[in-house]
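A structural walkthrough
These are the residues of each chain, in order.
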Amino acid sequence: MKDENKILKQLFKIESSIMKAKISNKDEFNNVKSAMSSIELLELLVVIENTFVVTIPDNKIQEFSHCNADEMVKQINELKD
């Protein structure tokens, strides 16, 4: 995967800023993400779109918001192609 570690670090930073928590690994990312409200998830997706300059298709929002860190990196890479 292209830039997998770079994308993961950016995801940790994004989620940390939204949730006001220090996120430094995939498990922490997944645990904090699973505790997010729907508004926080929406904010996460908007910031991801802006940060990675991608558009998450409407039919993929539900899937995207419930995936784990590895799946999210994969989907971001697919959207960047």
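Residues numbered from 1 in each chain as written. Predicted model: local features only at pLDDT ≥ 70, side-chain atom pairs only at ≥ 80, totals over all residues. Heavy atoms only, no water.

Points about the overall build of the protein chain
Across its full length, the protein chain carries 5 helices and 0 strands. The secondary structure elements of the protein chain, listed N-terminal to C-terminal, are α-α-α-α-α. In terms of C-alpha radius of gyration, the protein chain reaches 11 Å, essentially the compact-globule figure of 12 Å for 81 residues. Along the longest, intermediate and shortest principal axes, the C-alpha atoms of the protein chain span 30 × 25 × 20 Å. Counting every position in the protein chain, which comprises 81 residues, the buried fraction comes to 36%. Considering only residue pairs separated by 6 or more positions, the protein chain has 53% of its internal contacts joining residues 24 or more positions apart. Surface accessibility of the protein chain: about 5000 Å² in total, with carbon and sulfur atoms responsible for 50%. One way to put it: in the protein chain the 11 positive side-chain charges average out to a point 6 Å from where the 14 negative ones average out. (Helix = DSSP H or I, 4+ residues; strand = E, 2+ residues; numbered from the N terminus. Rg over C-alpha atoms; globule rule 2.2 N^0.38 Å. Buried < 20%, exposed > 50% of the residue type's maximum accessible area, 1.4 Å probe, protein only. Contact = heavy atoms within 4.5 Å. Areas by Shrake-Rupley, 256 points an atom, 1.4 Å probe, with all protein chains shown as cover. Lys, Arg positive; Asp, Glu negative; His and termini not counted. Charge placed at Lys NZ, Arg CZ, Asp CG, Glu CD.)

With respect to the nonpolar core
Counting residues in each nonpolar core, the largest one holds 23 residues, and the members touching the most others are Leu 11, Ile 48, Phe 52, Met 72 and Ile 76. Every element with two or more residues in this core is listed here: α1 (4–19), α2 (26–34), α3 (38–52) and α5 (69–80). Among the elements that take part in this core, α1 stands out by supplying 6 residues, more than any other. Contact partners of Ile 48, with chain neighbours within four places excluded, come to Leu 11, Ile 14, Val 53, Val 54, Phe 64, Met 72 and Ile 76. (Core = buried A, V, L, I, M, F, W, Y, C linked by side-chain atoms within 4.5 Å.)

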